[in-house]
Amino acid sequence: MQKRKIILFAPSSYFVRGWVSVFAAALLFMAYMAGFSDTSKFLIILLAFFWGGELFLRGAILELKQFYIGFNAYAAVSGGAAFLFAVLNNLHETPLFPVSGAGALLPFIFIAANFIKYFELKHIGSSKKFIESLDGFISKSVFKVQDNGETKKIFVSEAEIGDILLIKNGERVALDCKIVKGSTIVDESLLTGNVTLAAKQSGDMLFAGSVNKGTAVQAEALSLKNSSRIARILEEVKKSENKKMIFPSLLESYALNVFLFFLILALIQFGVGAVLEKDKILYWLLVALFIMVLSGPVTYMAAVLIPVWFCVRNGKKSDIYIQNVPALEILRDSDIIYIDKTGTLTTGRLEVAGAYAADGVSEEDVLKAAYTAQSGADNIFACALKEYGRKHKFTAHKLSSVELHPSFGTVVKEGKNTIIAGRKVWLEDKGIEGLPSCEDTKRTVFYVAKNGKYIGAVYFKDRLRANAKTTIGFLKGLGKKICLLSGDNEGAVSAAAKAAGIGEYCAAMYPQDKAAKIAASSNMGERTVMLGDGFNDILALLQAGAGVAFSSASNVFSSWVDIIIKDRDFAAFRRVFELEKSRREVIKQNIYISVFSGVFMFWRVFTECDILSWYDLVLIMFLTVLIIAVNSARIKHG
């Protein structure tokens, strides 16, 4: 398939030309029904061709300059053949070729082509608007607190690290910063995926992208406009949207093959006929033009696009939400699939298996501290600890502040106590004292500290999602390389990889490490897919050629990935491949039906000298589309 794609005009251009074609079709219908003169019909066909098909002519010319032949050329040549056929065949008192009204197909070609292009570019227009909205996502201005205590409104780009900012109620935080005065509650759902409001007070972090839902606070800027975490994520979202915009239209997939088939057939027919009957060159030219008229851009469009609709519709029946259809082709052609471990390959429904305690601390104290640290969170560790706390009747204490750091851990303040729970490396960065020199590499572990000192660790157990191993085997059978990525420790990741039958894995990876790993593969020419489950995977999901996420209703990033799976069974990922295979097979069958329809009509006229009227041609076209629709309904949803 040719990968280059030229997008030439705004959606409104195609929309207007589509209605011009509808108007021309209606006029032509009345002209045939009322028995208007051939000159009247010719003028209407002239209108349909030069107004309805003008965009495709210009598109084809511009693409040919870049040595590209695609759908624009296909539609333009087929419509042009209908126009030229009508002109040449009506130059004589008696038609040279036994077909009346071949030009009647011309408006229908451009009706379908223009409106389909309109909706295609409308989607691209939505992507452009989405990208523009990202630019305005973070406030363009902030209130800077001056030395005299007064506030001054400045552009975000003017703010410097160390500036004191006033963040009011309802305001989205523009820069990563630290509260220096006041306390509030903050919505961090965009960053953490956690819908629970986080309590914040002096000394706590406020991340750009979060929304102040409480009282106004003063905070010290810790980042510049383009260096905050959300700024980097939004930049990746823009890149992802731009990739979607330049991906070839689905209509381009088979257009060249079908176009060349009919073009070669027409040229052979003309060449052989002109050599054998030199006195009938005009007749054989009409034969060639008639073949191109019957090449079927309308039925071709139906053959490609109707299966897409059934694929998306039937995918939903299996809790598979296809938000970017071209991602299916990337999935099919991918070289390597990266898979997140916890919550993706595994169920993500962890259970507390036990705890280690430091000297002078009981295991129950460690578990209670971990429970308190995660009581304001909404992640897989929090769910496991909350379930354990309910069974053992732990009391949830009131928290004065909560800081959630996806893939790292949590910092909470309970009265005078500060509790930190998370990864060992992260606690080391926080300066926690007394951490064990060796990390437990055999289990999934959450380390816990209280008031700056290590008090113990909680370890969890998890299991693979149902049918994970068989699905991995299926993917290997397709020739895909599989790599497991996880922020978990070496032992836990190794055990999960072995249980699932995955040979390659990377442990102790931060979100940016996952994205960098995928970027390295892409730079080496590998076609990549990322399968994740949470906001901590968003950078990797956006970096990959196609992003697929196991998602729940609480995920706030679902519109940023290509395919959402809302099924606990890992076999749902296999069904995505099966859907694509079924779609591709049905499209090929539909194209054969479309080509056969054109060849059959030509054969009937050429060999049996049947006269096909304008309504015969239109009726056969609509019957072919109907057969294609019925065949497309066979796409399986698993």
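About the thresholds
- Residues numbered from 1 in each chain as written.
- Predicted model: local features only at pLDDT ≥ 70, side-chain atom pairs only at ≥ 80, totals over all residues.
- Heavy atoms only, no water.
- Helix = DSSP H or I, 4+ residues; strand = E, 2+ residues; numbered from the N terminus.
- Buried < 20%, exposed > 50% of the residue type's maximum accessible area, 1.4 Å probe, protein only.
- Contact = heavy atoms within 4.5 Å.
- Pairing = 2+ DSSP bridges.
- Axes fitted to C-alpha atoms, helices over the stretch in contact; angles between N-to-C directions.
- Core = buried A, V, L, I, M, F, W, Y, C linked by side-chain atoms within 4.5 Å.
- Expected span 1.5 Å × (residues − 1).
- Arc of directions from axis to C-beta.
- Polar contact = N/O pair within 3.5 Å; in protein donor to acceptor, adjacent residues only side chain to side chain.
- Parallel < 35°, antiparallel > 145°, perpendicular 65-115°, else oblique.
- Left-handed = near helix turned anticlockwise from the far one by under 90°.
- Nonpolar A, V, L, I, M, F, W, Y, C, P; charged D, E, K, R; others polar.
- Phe/Tyr/Trp six-rings, centres within 6.5 Å; stacked < 30°, edge-to-face > 60°.
- Lys NZ or Arg CZ within 6 Å of the ring centre and 35° of its normal.

### Comments concerning the environment of Gly532
Relative to the helices and strands, Gly532 is located in strand β20 (residues 528–532). Taking relative accessible area as the criterion, Gly532 reaches 0% and is therefore assigned buried. Sequence separation between Gly532 and Leu485 is 47 residues; the distance between their C-alpha atoms is 9.4 Å. Excluding residues that lie within four positions of it along the chain, Gly532 makes contacts with Asp340, Thr344, Asp537, Leu541, Val548, Ala549 and Phe550.

### Overview of the environment of Val312
Mapped onto the fold, Val312 is located in helix α10 (residues 297–317). Placed eleven residues apart in sequence, Val312 and Gln323 show a C-alpha to C-alpha distance of 8.3 Å. Leave out the neighbours within four places in its chain, and Val312 touches Ile322 and Val325.

### Details of the pairing of strand β2 (residues 151–155)
Direction of pairing for strand β1 (residues 141–145) relative to β2: antiparallel, over a ladder of five bridges. Opposite Val145, over in β2, you have Thr151 as the bridge partner. A loop of five residues connects β1 with β2, the two strands running antiparallel in sequence, and Gly149 in this loop sits at a positive phi of about 90°.

### Looking at the sheet that holds strand β5 (residues 184–187)
One open sheet accounts for three strands, arranged β6-β5-β8; its pairing is antiparallel. Among the strands making up the open sheet, the edge pair consists of β6 (198–200) and β8 (211–212). The sheet contact formed by β5 and β8 spans two bridges and is antiparallel. Across the sheet, residue Asp187 finds its bridge partner in β8, namely Val211.

### Structural notes on the sheet that holds strand β16 (residues 444–450)
The six strands are arranged β12-β17-β16-β15-β14-β13 in an open sheet whose pairing can be described as antiparallel. The open sheet has two free edges, formed respectively by β12 (351–357) and β13 (401–405), since each of these has just one partner strand. Neighbour to neighbour, the strand axes of the sheet diverge by 20° on average, direction disregarded. Where strand β14 (residues 409–414) lies against strand β15 (residues 417–422), six bridges are found, and the strand directions are antiparallel. The residue bridging Val411 from the neighbouring strand is Ile420, located in β15.

### A word on the nonpolar core
Of all hydrophobic cores here, the largest spans 105 residues; its most connected members are Phe71, Tyr300, Leu331, Ile339, Leu345, Ile472 and Phe573. If sequence neighbours within four positions are ignored, Phe573 has contacts with Leu331, Ile337, Leu475, Leu531, Val548 and Ile565. Counting 33 residues, the second-largest nonpolar core is a separate cluster that includes Ala159, Ile230, Val561 and Ile564.

### Quick notes on unusual backbone geometry
We note that Asp319 has phi near 60°; this positive angle belongs to a residue other than glycine. Its location among the elements puts Asp319 in the loop between α10 and β10 (320–322). Here Asp319 falls in the partly exposed class, since its relative accessible area comes to 31%.

### Examining helix α18 (residues 511–523)
A turn of α-helix holds 3.6 residues, and therefore any two residues three or four places apart point the same way. With 13 residues, α18 extends 19 Å from end C-alpha to end C-alpha; this agrees with the ideal 18 Å at 1.5 Å per step. Taken as a whole, α18 has its buried residues at Pro511, Lys514, Ala515, Ile518, Ala519 and Ser521. For α18, the buried positions fall inside an angular range of 160° around the axis, keeping them on one side. If you follow the buried residues of α18, they end up packed against β11 (336–340), β18 (481–485), β20 and α19 (538–543).

### Observations concerning the side chain of Thr410
Structurally, the position occupied by Thr410 is in strand β14. Judged by relative accessible area, which is 2%, Thr410 ranks as buried. Within the structure, the side chain of Thr410 is placed 2.7 Å from the side chain of Gln374, a separation counted as a polar contact. With residues near it in sequence (within four places) discarded, Thr410 still touches Ala373, Gln374, Val402, Glu403, Leu404, Ile419, Ile420, Ala421 and Trp426.

### What about the environment of Lys517?
Topologically, Lys517 is positioned in helix α18. Beyond its immediate stretch of four places on either side in the chain, Lys517 contacts Tyr338, Cys483, Leu485, Glu504, Cys506 and Met509.

### Quick word on the packing of helix α8 (residues 252–276) against helix α9 (residues 281–293)
Two elements in contact, α8 and α9, have axes separated by 8 Å at closest approach and are oriented at 165°. Considered as vectors, α8 and α9 are oriented roughly antiparallel to each other. Crossing hand, α8 versus α9: right-handed. Residues Phe259, Phe262, Leu263, Leu265, Ala266, Gln269, Phe270, Gly273 and Ala274 of α8 form the contact with α9, whose own contacting residues are Ile281, Trp284, Leu285, Val287, Ala288, Ile291 and Met292. Split by residue class, the contact of α8 with α9 holds 14 nonpolar, two polar and no charged.

### Examining the packing of aromatic side chains
If you walk through the whole model with that rule in mind, you get 32 aromatic pairs. Here the aromatic rings of Phe71 and Tyr74 are separated by 6.3 Å at their centres, their planes lie at 85°, and the arrangement is edge-to-face. Of the two residues, Phe71 and Tyr74 are both situated in helix α4 (residues 71–89); the distance of three residues between them amounts to about one turn of the helix. Taking relative accessible area as the criterion, Tyr74 reaches 0% and is therefore assigned buried. Considering the side-chain rings of Tyr371 and Phe394, the 5.7 Å spacing of their centres and the 70° angle between planes classify their relative orientation as edge-to-face. Within this pair, whereas Tyr371 is found in helix α13 (residues 363–374), its partner Phe394 is found in the loop between α14 (380–391) and β13, the two being separated by 23 residues in sequence. For the pair Tyr371 and Phe394, a shared accessibility class is recorded, and that class is buried. In textbook terms, an aromatic cluster arises when at least three aromatic residues are bridged by ring pairs, as seen for Tyr14, Phe49, Phe50, Phe56, Phe71, Tyr74, Phe83, Phe110, Phe259 and Tyr300. When the ring centre of Phe550 is taken as origin, the NZ or CZ atom of Arg465, which lies over that ring, is 4.1 Å away.

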